[in-house]
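Working through the structure, step by step
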Amino acid sequence: MGRYFRRKLLLYGITFFIAVTINFAIPRLMPGDPVSRMLSRHSVANPESSQALRTYFENLFGFDVPLWQQYLNYWTALLQGDLGVSIYAFPASVSSVVMDALPYTLALLLPSIILSWFVGNGLGAMAARNKWLDNTLLPIGYLFTAVPYMWLAILLAWLGGIILGWFPVAAGYSLALTPTLSWTFVLNLIHHWFLPFLSLFVVALGGWAIGMRNLVIYELESDYSNYLRSLGAPQRLVRRYAFRNAMLPQISGLALQLGVVVGGALVTEVVFAYPGLGSLMLNAINSQDFFLLQGILLFIVIGVLVFNFLADVVYVLVDPRTRLGLEGGQS
Amino acid sequence: MTAGITPDAEVIGERGEHLYFALRNPKVVIGLTVVTALLLLGVFGPFFVSADPNEYIGPKSTAPSGEYWLGTTYFGQDVFAQFVHGLRSSYVVGGLGGGIAFVIGLSVGFTAGYRGGIVDELLNMLTNVVLVLPALAVLIVISSYLEVRGVIAQGIIIGLFSWPWVARAVRAQSLTLRNRDYVDLARLTGKRAPQIILKEIMPNMASYLLMTVILLFGGAILFAAMLDFIGLGPTDAVSLGTMMQQSMAWSSLHLGLWWWFVPPGMAITAIVGSLYITNVGLDEVFNPKLREM
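Parameters at a glance
- Residue numbering note: each chain is counted from 1, following its sequence as written.
- To read the labels, note that chains go from A and ligands from 1, taken in the order they are written.
- Thresholds applied to this predicted model are a pLDDT of at least 70 for local features of residues and 80 or more for the giving and counting of side-chain atom pairs; totals over whole chains, interfaces and linings are not thresholded and use all residues.
- The side-chain quantities take in all heavy atoms of the structure and omit both hydrogens and water.
- Per the convention used, a helix needs a DSSP run of H or I reaching at least four residues, while a strand needs a run of E reaching at least two, with both numbered from the N terminus.
- By the convention used here, residues are in contact when the closest approach between their heavy atoms is within 4.5 Å.
- Per-residue and other accessible areas follow the Shrake-Rupley method at a 1.4 Å probe size, with only the shown protein chains counted as cover for residues.
- Only four residue types enter the tally: Lys and Arg on the positive side, Asp and Glu on the negative side; His and the chain ends are excluded.
- Taken as the charge location is NZ of Lys, CZ of Arg, CG of Asp or CD of Glu.
- Only protein chains enter the calculation, and the probe is 1.4 Å; a residue is then buried if its accessible area is under 20% of its type maximum, exposed if over 50%, and partly exposed in between.
- Salt bridges are identified by distance alone: a Lys or Arg side-chain nitrogen within 4 Å of an Asp or Glu carboxyl oxygen.
- What we call a nonpolar core is a set of buried Ala, Val, Leu, Ile, Met, Phe, Trp, Tyr and Cys residues that are connected through their side-chain atoms within 4.5 Å.
- All the domain ranges listed were derived from an automatic or database domain assignment.
- Two parts placed together each lose some accessible area; with a 1.4 Å probe, that loss summed over both constitutes the buried area.
- We call Asp, Glu, Lys and Arg charged. Ala, Val, Leu, Ile, Met, Phe, Trp, Tyr, Cys and Pro are nonpolar, and the rest, Gly among them, are polar.
- As a per-residue quantity, pLDDT reports the predictor's confidence and falls between 0 and 100.
- Throughout, an axis means a line fitted to C-alpha atoms (over the contacting stretch in the case of helices), and angles, computed between N-to-C directions, take values from 0 to 180 degrees.
- Orientation is classified from the angle alone, with under 35 degrees giving roughly parallel, over 145 giving roughly antiparallel, 65 to 115 giving roughly perpendicular, and any other angle giving oblique.
- By definition, any crossing whose near helix is turned counterclockwise from its far helix by less than a right angle is left-handed, and any crossing with a clockwise turn is right-handed.
- Grid points spaced at 1 Å over the protein atoms alone were grouped into cavities, where a 1.4 Å probe fits but cannot get out, and pockets, open sets with protein on both sides within 12 Å along at least five of seven lines, with lining residues defined by an atom within 4 Å of a point.
- Grid points are joined across faces, edges and corners, and a volume is the space filled by probe spheres set on the points.

**Thoughts on the overall build of chain A**
The number of helices and strands found in chain A is 13 helices and zero strands. Helices and strands appear in chain A in the N-to-C order α-α-α-α-α-α-α-α-α-α-α-α-α. With the C-alpha coordinates aligned to their principal axes, the bounding extent of chain A is approximately 90 × 55 × 40 Å. For chain A, the proportion of contacts with a sequence separation of at least 24, taken over those separated by at least 6, is 71%. When the accessible surface of chain A is totalled, it reaches about 16200 Å², and 68% of it is carbon and sulfur. For chain A, the separation between the mean place of its 18 positive charges and that of its 15 negative charges on side chains is 15 Å.

Okay, structure coming up:
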């Protein structure tokens, strides 16, 4: 078990290191000059103040020292939690702006990931032994996995928000309210949260159901299932073993899917103007706020790594082979 | 299976047998028909509509009619013209992004799986790192630094970040194949590693690789649509994703211009969904156990 976790932690450490390095390298490798683009955004006519702004931005990027020192400075600042100052939300720091948006994204992501995983696996396992359910679930499942996240979000906003008028289609809470811990406000939050959540939940559902169905069918045909059946074990018992074995790939799949789901959450938030990281990213792009953009990327990478590690822990708890240092749970 | 429809295996051979079953598998036929139909629309459609899909040609915000098949946008652009141009960009991005990811994934996977040792350790590490990175977020940051974005550039950067699961799968497969007797025999006869991989190992994975290409193609189209929707689409062309972005930016939801945002998303769903269904069908074709006949 120790070896398994050491390998995993090493992998995540390297990933984090590479992500930070990519983050550092992108503005320096890309064609074009980010500083002059930021300047043109601010459209300063006066050449003197333009020069002052340029020096200011170049200092922010730290372009005035040699490259290796820029890299070291970047790491030092990062480890102190300093991601720079946001230009879009000036003078707030990038970390504080991201921290404000983070709860909204987590509130969308965590319930939708976990619920769709459980419901999808349940449906898939049922479909594996019910011909009728299989024939309806499979096409619908494939349809949902093929739907682009934002299109489903748009359709849901159109149906539930405009045509039926049941749900609001923008913002995280009604702007007439001030954020307080009252029932009205919490209900209002949930009211605004429901459609984006539903959209993320539905898209992910199909993939889990299909995956589980295929895995259970595969397990039911394997040797141990045949052996159990020939011993006269009740069908329920055989199915339970098949289901438990099929869970393992689904848990590692959860970690693998995470990057995709996070991407989906970003665009879904944009559709609903939901005040999470996705909308923040859009604002950062529109106002050419590269510090904010890179700060968000870093937060997403850290979040994905933490979640991956949690999935690993769950895997160890579920799969005894990893605990005993046997095969299984390859890095 | 009745004797009447059994192909004469000796005459037709394995390849012919696969084609025989593929053409009789409803999933493959339906899937490929939809993909091909939309491809043809994307290839030939633009020749029949105005060359500039952003041209203001007609009345603003009109519903679909005989003259404007998919209606017009808030500014009076022809949605159908944008749609066929957008289809074309989607296929280009899908082909390019999927193709690049396939080549990288294949090279990394085969090298790692066949060579083994330290090369395998390093490549496997690289694969896992790229696999864990949230691809869309990285793509967003990279694209936002590009001032001029084209369909080609988009395809390339998507390809650079969507190969890892292919490499992983190919590595696992070649690990099991490399110790087979016929590979040993090929090695004894003095064949070199690239030759063995190309001539001995790859043909045994051909069916799997074909399905990989299909999934990569669909994945690249979805990725491109998401990037476009965030506003990082091609600056010089119309794509299905930018259509949705524009429609949302000019509040088509509230104005009820459903013909602006429904067709592009539906086309993407149709392409990607048909590709998935083709894949399931191909699985049945290549794996006789799954055939329903």
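Still to come is the rest of the account.
**Observations concerning the overall build of chain B**
From N to C terminus, chain B includes 12 helices and zero strands. The secondary structure elements of chain B, listed N-terminal to C-terminal, are α-α-α-α-α-α-α-α-α-α-α-α. Expressed along its principal axes, the backbone C-alpha trace of chain B runs to roughly 75 × 55 × 30 Å. For chain B, the residues scored as buried account for 53% of the 293 residues in total.

**Quick look at the side chain of A:Glu269**
Looking at the secondary structure, you find A:Glu269 in helix H10 (residues 235-272). For the buried A:Glu269, which has no salt bridge, the nearest side chain bearing the opposite charge is B:Arg149, at an N-O separation of 19 Å. A:Glu269 has contacts with A:Thr105, A:Leu108, A:Tyr274, A:Gly276, A:Leu277, A:Gly278 and A:Ser279, leaving out every residue within four places of it along the chain.

**Focus on the nonpolar core**
Judged by nonpolar contacts, the single largest core of 174 residues is most densely connected at A:Leu277 and B:Ile140. The greatest single-element share of this core, amounting to 20 residues, is contributed by helix H9 (residues 193-232) of chain B. Each of two domains, domain 1 (2-29 + 95-330) and domain 2 (32-82) of chain A, supplies a minimum of three residues to this core. In this view, B:Ile140 contacts A:Leu266, A:Met281, A:Ile285, A:Leu293, B:Leu227, B:Ile230 and B:Leu232; residues no more than four positions away in its chain are not counted. Listed in part, the 11 residues of the second largest apolar core include A:Leu215, A:Leu228, A:Ala242 and A:Ala246.

**Here's the deal with the interface of chain A and chain B**
Contacts between the two partners involve 53 residues from chain A, matched on the other side by 40 residues from chain B. Between chain A and chain B the total buried area reaches about 4300 Å² when both faces are included, carbon and sulfur atoms providing 82% of it. Those elements that provide at least two residues to the side of chain A that touches chain B are helix H1 (2-29), helix H2 (34-42), helix H6 (131-146), helix H7 (149-163), H10, helix H11 (277-286) and helix H12 (290-318) of chain A. In terms of residues, the side of chain A that touches chain B owes the most to one element, H1(A), which gives 11 residues. Partitioning the side of chain A that touches chain B into residue classes produces 42 nonpolar, nine polar and two charged.

**Digging into the domain arrangement of chain A**
Domain annotation of chain A identifies domain 1 (2-29 + 95-330) and domain 2 (32-82). Inter-centroid distance (C-alpha atoms) of domain 1 of chain A to domain 2 of chain A is 36 Å.

**Quick word on the pattern of salt bridges**
Residues and elements named next belong to chain A. Under the criterion given, the structure shown has six salt bridges over all chains. Close ionic contact of Asp134 with Arg213 constitutes a salt bridge, the shortest N to O distance being 2.6 Å. Taken together, the residues span a long stretch of sequence, with Asp134 in helix H6 and Arg213 in helix H8 (residues 183-220) at a distance of 79 residues. This pair shows no difference in class: Asp134 is buried, exactly as Arg213 is.

**Thoughts on the confidence of the model for chain B**
Residues and elements named next belong to chain B. Put simply, chain B has an average pLDDT of 84, and 94% of its residues get 70 or more. The low-confidence segment residues 1-9 (pLDDT under 50) makes seven contacts with residues lying over four places distant or belonging to another chain. Across the interface, the model reports ipTM at 0.84; the global pTM reads 0.86.

**Points about the packing of H9(B) against helix H12 (residues 258-286) of chain B**
Residue and element names in this part refer to chain B. Running from amino to carboxyl end, H9 crosses H12 at an angle of 170°, the nearest separation of the two axes being 10 Å. In this view, H9 runs roughly antiparallel relative to H12, as classed from their interaxial angle. For the pair H9 and H12, the contacting residues are Ser207, Leu210, Met211, Ile214, Leu215, Phe217, Gly218, Ile221, Leu222 and Ala225 in the first and Ile268, Ile271, Val272, Leu275, Tyr276, Thr278, Asn279, Leu282, Asp283 and Phe286 in the second. Grouping the amino acids of the contact of H9 with H12 by side-chain chemistry returns 15 nonpolar, four polar and one charged.

**Here we look at the confidence of the model for chain A**
In the predicted model, chain A carries a mean pLDDT of 83, and 90% of its residues have values of at least 70. With pLDDT under 50 throughout, residues 327-331 of chain A is counted as low confidence; its partners more than four residues away or in other chains account for 11 contacts.

**Re the packing of H10(A) against H9(B)**
The N-to-C vectors of H10(A) and H9(B) enclose an angle of 40°; their axes lie 10 Å apart at closest approach. As summarised for this structure, H10(A) and H9(B) are arranged oblique, according to the angle between their axes. Note on packing geometry: the crossing formed by H10(A) with H9(B) is left-handed. Contacts between H10(A) and H9(B) pair A:Gly263, A:Gly264, A:Val267, A:Val270 and A:Val271 from the former with B:Met226, B:Phe229 and B:Ile230 from the latter. Grouping the amino acids of the contact of H10(A) with H9(B) by side-chain chemistry returns six nonpolar, two polar and no charged.

**Focus on empty space enclosed by the protein**
Residues and elements named next belong to chain B. Evaluation of the coordinates by the stated rule reveals five cavities of 30 Å³ or more. Volume-wise, the largest cavity comes out at about 50 Å³. Around the largest cavity sit Ser89, Ser90, Val93, Gln154, Ile221, Ala224, Ala225, Asp228, Ser239, Leu240, Gly241 and Ile268, which together line it. Going through the elements one at a time, helix H3 (79-115), H9 and helix H10 (240-249) are the ones with two or more residues in the lining of the largest cavity.

**A short note on unusual backbone geometry**
Located in the positive-phi region is A:Gln288, a residue other than glycine, with phi close to 55°. Residue position: A:Gln288 is located in the loop between H11 and H12. In this structure, B:Ser251 takes a positive phi of about 40° despite not being glycine. Residue placement: B:Ser251 occurs in the loop between H10 and helix H11 (252-255).

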